[in-house]
Amino acid sequence: MSKGVAITGMGIISAIGNNVEENYNSLISGNKGISRISKIDTVHENAIMVGEIAFTNQELEEQAGIPPDNNYSRTALLGLVAAKEAIKDANILDMAAYKTGLISATSVGGMDMTEKYYYDYLESDAHRKYIEGHHAGDSTQKIAEELGIEESLVTTISTACSSAANAIMYGARLIKSGKLDRVVVGGADCLSKFTINGFKTLMILSDTYNTPFDDNRKGLNLGEAAAFLVLESDALVAKENKKVLAYVKGYGNANDAYHQTASSENGDGATLAMEKALKVANLNPENIDYINAHGTATGNNDLSEGRAIIRVFKDAVPDFSSTKPYTGHTLAAAGGIEAVFSILALQNNVIFPNLNFTTPMKEFAIRPQVKLKEKKLNTVLSNSLGFGGNCSTVIFSK
Amino acid sequence: MKKVFINGCGVISAQKTFDNKEFLKEVITYNDRVMPVVNPVYKDFISGGAARRMALGVKMGVVASNLAMKDAQLESVDAIITGTGMGCLIDSEKFLSKLIDNNEEFLTPTSFIQSTHNTVGGQIALGIQCKGYNFTYVHSGVSFESALLDAQLQLSSGEEENILVGGVDENAPHTLEIHKLIKFIKEENTDTSSLLQSNTSGAIFGEGAGFFTLSTKEQESSYAEVVAVETLNTLSKENLEKKATSFLEENGSSIMDVDVIVLGNNGDVDFDGYYNVLSESIFADTQQVYYKHLSGEYNTASSFGFWLGAKILKTESIPEVVKLNQKQTSTLKTILLYNQYRGENHSFTLLKQC
Amino acid sequence: MEALKEELKNKIIEQLNLEDVSVNEIADNDPLFGEGLGLDSIDALELIVMLDKDYGIKLSDPKEGKKIFESINTMAAYISENSPK
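Just so we're clear, the structure is a prediction, and the values are computed from it rather than from any experiment.

**Thoughts on the overall build of chain B**
The number of helices and strands found in chain B is 11 helices and 12 strands. Radius of gyration (C-alpha) of chain B: 19 Å, near the 20 Å computed for a compact globule of 354 residues. Reported as C-alpha extents along the three principal axes, the dimensions of chain B are approximately 65 × 45 × 35 Å. With 354 residues in all, chain B has 58% of them scored as buried. Sequence separation of 24 or more characterises 80% of the internal contacts of chain B that already satisfy a separation of 6 or more.

**Comments concerning unusual backbone geometry**
At Asn356 of chain A, a position not held by glycine, the phi torsion is positive, near 70°. Looking at the element boundaries, Asn356 of chain A is found in the loop between β11 (350-351) and β12 (373-374). The buried category is assigned to Asn356 of chain A, around which 21 C-beta atoms lie within 10 Å. Unusually for a residue other than glycine, Gln73 of chain B sits at a positive phi of about 55°.

**Digging into the interface of chain C and chain B**
Of the residues lining the interface, 12 residues belong to chain C; the matching set on chain B comes to 9 residues. Its residues assigned to classes, the side of chain C that touches chain B comprises 5 nonpolar, 2 polar and 5 charged.

**Notes on the interface of chain A and chain B**
Each side of the interface is counted separately: chain A has 53 residues, and chain B has 50 residues. Looking at the side of chain A that touches chain B, the elements that each hand over two or more residues are α5 (120-123), α6 (137-147), β4 (154-157), α7 (163-177), α8 (193-201), β8 (246-255) and α10 (268-281) of chain A. Ranked by residue count, the leading element in the side of chain A that touches chain B is α8 of chain A, at 5 residues. Across the side of chain A that touches chain B, the residue classes tally to 20 nonpolar, 25 polar and 8 charged.

**Overview of the domain arrangement of chain B**
Residues and elements named next belong to chain B. Domain annotation of chain B identifies domain 1 (5-215) and domain 2 (227-352). A C-alpha centroid distance of 21 Å is found between domain 1 and domain 2. Every contact between the two is made by 46 residues of domain 1 and, on the other side, 35 residues of domain 2. Every element with two or more residues in the side of domain 1 that touches domain 2 is listed here: β1 (5-12), α6 (143-156), β5 (162-169) and β7 (208-215). Here the side of domain 1 that touches domain 2 takes 7 residues from α6, the largest share from any one element. Of the residues that constitute the side of domain 1 that touches domain 2, the class distribution is 19 nonpolar, 24 polar and 3 charged.

**A closer look at the domain arrangement of chain A**
Often, the extent of an interface is quoted as the loss of accessible area on bringing the components together. Residue and element names in this part refer to chain A. Domain boundaries assigned for chain A yield domain 1 (5-240) and domain 2 (251-397). In this structure, domain 1 and domain 2 have C-alpha centres spaced 21 Å apart. Each partner contributes residues to the interface: domain 1 has 62 residues there, and domain 2 has 54 residues. For the side of domain 1 that touches domain 2, the elements supplying multiple residues, two or more each, are β1 (5-13), α1 (20-29), β2 (50-51), α7, β5 (182-189), β6 (222-223) and β7 (225-232).

**Describing the nonpolar core**
The biggest cluster of nonpolar side chains holds 253 residues, and the ones touching the most others in it are Ile7, Leu78, Ala82, Ile168, Ala227 and Leu231 of chain A. Filtering out sequence-adjacent residues up to four positions away, Ala227 of chain A remains in contact with Gly11, Ile12, Ala82, Ala164, Gly186, Ala333, Gly336, Ile337, Ala339 and Val340 of chain A. Grouped together as the second largest cluster of nonpolar side chains are 5 residues, Met113, Tyr130 and Ile131 of chain A together with Ile178 of chain B included.

**Some points on the packing of α8 of chain A against helix α3 (residues 89-101) of chain B**
For the pair α8 of chain A and α3 of chain B, the least separation of the axes is 11 Å and the interaxial angle reads 95°. The angle between α8 of chain A and α3 of chain B falls in the class roughly perpendicular. Counted together, Lys193, Phe194, Asn197 and Gly198 of chain A of α8 of chain A and Phe95, Leu96 and Leu99 of chain B of α3 of chain B form the full contact between these two elements. Residue classes in the contact of α8 of chain A with α3 of chain B are distributed as 4 nonpolar, 2 polar and 1 charged.

**Concerning the environment of Val269 of chain B**
All names here are of chain B. Along the chain, Val269 turns up in the loop between β9 (260-263) and α9 (273-279). C-alpha of Val269 to C-alpha of Val77: the two residues are 192 residues apart in sequence and 41 Å apart in space. Beyond its immediate stretch of four places on either side in the chain, Val269 contacts Asn199, Thr200 and Ser201.

**What to know about the packing of α7 of chain A against helix α13 (residues 334-348) of chain A**
Residues and elements named next belong to chain A. At a closest axis distance of 5 Å, the pairing of α7 and α13 adopts a crossing angle of 65°. Considered as vectors, α7 and α13 are oriented roughly perpendicular to each other. Two secondary-structure elements touch here, α7 through Ser163, Ala164, Ala165 and Ile168 and α13 through Ala334, Gly335, Gly336 and Ala339. When grouped by side-chain class, the residues that make up the contact of α7 with α13 number 5 nonpolar, 3 polar and no charged.

**A few points about α6 of chain A**
In terms of burial, α6 of chain A is a largely internal element, 9 of the 11 residues being buried. Taken as a whole, α6 of chain A has its buried residues at Gly137, Asp138, Ser139, Thr140, Gln141, Lys142, Ile143, Ala144 and Leu147 of chain A. Of the surrounding secondary structure, the elements contacted by the buried residues of α6 of chain A are α3 (74-89), β3 (100-105), β4 and β5 of chain A together with β12 (344-352) of chain B. Positive backbone phi, approximately 80°, marks Gly148 of chain A, located one or two places after α6 of chain A.

**Quick notes on the pairing of β1 of chain A**
When a strand is regular, its side chains alternate between the sheet's two faces. All names here are of chain A. For β1, a buried count of 9 out of 9 residues is recorded, marking the element as mostly surrounded by other parts of the structure. Here β1 pairs with β8 via 3 bridges, running antiparallel. If you follow Ala6 over to β8, its bridge partner there is Tyr247. Sheet analysis places β1 next to β7, joined by 7 bridges and oriented antiparallel. Across the sheet, the residue bridging to Gly11 is Phe228, located in β7.

**A few points about the environment of Ala235 of chain A**
Inspection of the secondary structure assignment puts Ala235 of chain A in helix α9 (residues 234-240). Taking the C-alpha atoms as reference points, Ala235 of chain A and Thr140 of chain A, 95 residues apart in sequence, are found 26 Å from one another.

**Observations regarding the pairing of strand β11 (residues 334-341) of chain B**
All names here are of chain B. Burial analysis of β11 places 8 of its 8 residues in the buried class, which makes it a mostly covered element. The side-chain alternation of β11 yields two buried faces, one formed by Thr334, Leu336, Tyr338 and Gln340 and the other by Ile335, Leu337, Asn339 and Tyr341. With 4 bridges joining them, β9 and β11 adopt parallel strand pairing. Its bridge partner lying in β11, Val262 is registered against Leu337. As paired strands, β11 and β12 are joined by 7 bridges and run antiparallel to one another. Residue pairing in the sheet places Tyr341 in a bridge with Glu344 of β12. Remark: 2 residues form the turn of the hairpin made by β11 and β12, two consecutive strands paired antiparallel; Arg342 in that turn has positive phi of roughly 50°.

**Brief notes about the environment of Phe194 of chain A**
With respect to the helices and strands, the residue Phe194 of chain A is situated in helix α8. A C-alpha to C-alpha distance of 7.5 Å links Phe194 of chain A and Met111 of chain A, two positions 83 residues apart in sequence. Once you skip the residues sitting within four places of it in the chain, Phe194 of chain A turns out to touch Met111 and Glu115 of chain A together with Leu96 and Leu99 of chain B.

Conventions we followed
- Residues numbered from 1 in each chain as written.
- Chains lettered and ligands numbered in written order.
- Predicted model: local features only at pLDDT ≥ 70, side-chain atom pairs only at ≥ 80, totals over all residues.
- Helix = DSSP H or I, 4+ residues; strand = E, 2+ residues; numbered from the N terminus.
- Rg over C-alpha atoms; globule rule 2.2 N^0.38 Å.
- Buried ≥ 20, exposed ≤ 12 C-beta atoms within 10 Å, placed from the backbone.
- Contact = placed C-beta atoms within 7 Å.
- Nonpolar A, V, L, I, M, F, W, Y, C, P; charged D, E, K, R; others polar.
- Domains from an automatic or database assignment.
- Core = buried A, V, L, I, M, F, W, Y, C linked by C-beta atoms within 7 Å.
- Axes fitted to C-alpha atoms, helices over the stretch in contact; angles between N-to-C directions.
- Parallel < 35°, antiparallel > 145°, perpendicular 65-115°, else oblique.
- Pairing = 2+ DSSP bridges.

Printed below as a string of structure tokens:
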């Protein structure tokens, strides 16, 4: 039985920390990163709460080590910071020594700049350098360049909220097929007026702290973040005597094919994704020790996902929690940061609490884990469910 | 490892390609900076209720995929993998401009929802009720090839049997304006029939959708076999020959075996040099064809080139209008496709007769 | 009231891009959602914005919309009662 694809490094920047260690400390001390928005000027500022990263773009440039004269969007800056941490963690000294690829994910891309300068572009050339940075592949291309990944398989996935999870599973498949020896996978998304307003029109933004799986949940808090994992082939791990953090054991992607944004009432897509992941992992539902749920705290998601979890796990639903009360919903990056959290859970044998929970949902009997719980964990299942019915599940193991 | 076949094609472009019976017999030339698509009657394929929310790109994607499945006589597929370079621009612009103009008030959700990059993939799945694997790649000039590679991996390993793969991009007014300002689009109207002699910077932008049903099952109507796909984020002109050669060798072929090379020349004097590296050296004696004078340049225009290669192999003929040179081809068995955009995101695809 | 109903039908056709539907095809009492016109949850959100922009009525909870948007009749009644304009 295959143990899965080895994860040898990880990096993250989110509203609860600027690297893996800081994120972990926040998770175990219950420190959430949700607040009123400060860096974006929006009429909705008092009606929403977000998981915002404290650094300005300038500070991120310095952290990422790039010169001030650049055309990076905030998405690219966040991505680069997290990717560099992952490479360092994986102890990669010579990028060109092995066939290395990069699969990133984003939904915002360079929209943060585009929305700022939309009309300005037509009047003056002062900011036109950002025009070519708008498209989703640009931040990936920049990260590849900075990491020294050349003449390689570099691409970007954009399937809304399941994007980074999809990047991880595609990377795992590329390693398994032998097409790559090593691949950096993950995603990045920054906050933007576009997404804030977009979600506002769907009336699924909460004006207070998000409360996943709570009967009185009012909606999600948007967040910004970036996270990357380094996956390596068994041959490479053996040859370089690499430390393995965890394994990508199983994965599955399925489509709800129900509605453009809403999930089907019984969570068909999510059910299929979890079943597929278990099959790839060659595991039974009872082998899963903890579920890091998508749990966005919207009326629709939590009901649909909860039902899907019950369909798959039946009477033996494992401990589950959503970590979005800490970070907010980081859209395309969500599957990436939650992968990091799943690995941290495995490494430390701890289940992170589903914060802000008070009232159980009427529709089913399962309840999230509300306190930090120490428990021996061998496998963690992470869900990421996106618009367009795109449902993804990744299973991590020791 | 199973073989992968192209069993169906559906292409909407600046030529009347949605009618797949002909093969570039009557070609439309343009004298412009941007080429519009020749639209099929969308009402024939999409109900009013569904179409009312769809911008051009979504309509093109839905219809092209529909045509590809019909072409292969398929009612369903196991997976849908889409590539788009810029996504749903029309709705993005609609939402963003309203946002700015109305100072974030009275915004409605439809254009926001329709602006997500995976809208086309999601709509196709909804239409044919496909609950399978559904990915969208958004990476400039290799968006289509990324989708192709993913599909090829899943098919050759036997994981799936039929996969719908496509590339789609649409133009939108504001985006065209700003790309004119940064000179990605040619500064002057240019005649497409003499595109490669224009000797000016920038390209003529186009739009379109190219969808294909790939399968492990060869059938009477199969177009060609997809042998290999490779994408590279960067590639210098110095390493290009070496790379093309090794790509062929790694996949059981060689320069001598290539009967036709399909090149992505788009008339941009600053970047067409990449193609010349190959056409003036190792492929100087090979029949060369090009297509962007017919399709225009857009991130997924290479799906038009892919269709061209497949159709050449199936019909065993090369339309005059795509020929870059005149070489005697005794066989039409092996086709190499090479594309890049502004010096980045290079791709090689190898097709064989089946 | 009749003028308002006519106005609503026109607005719905325009706002929701119902190109193939004409005003006289929408009966005052016909269900707008599900069957009848066959509108969905996204259309409901569009109508909520229309209520705010054109009639000055703000709905904070999208679920309120279900009763209000049942038919042209219920919409017209609600608007005449609640519109400050």
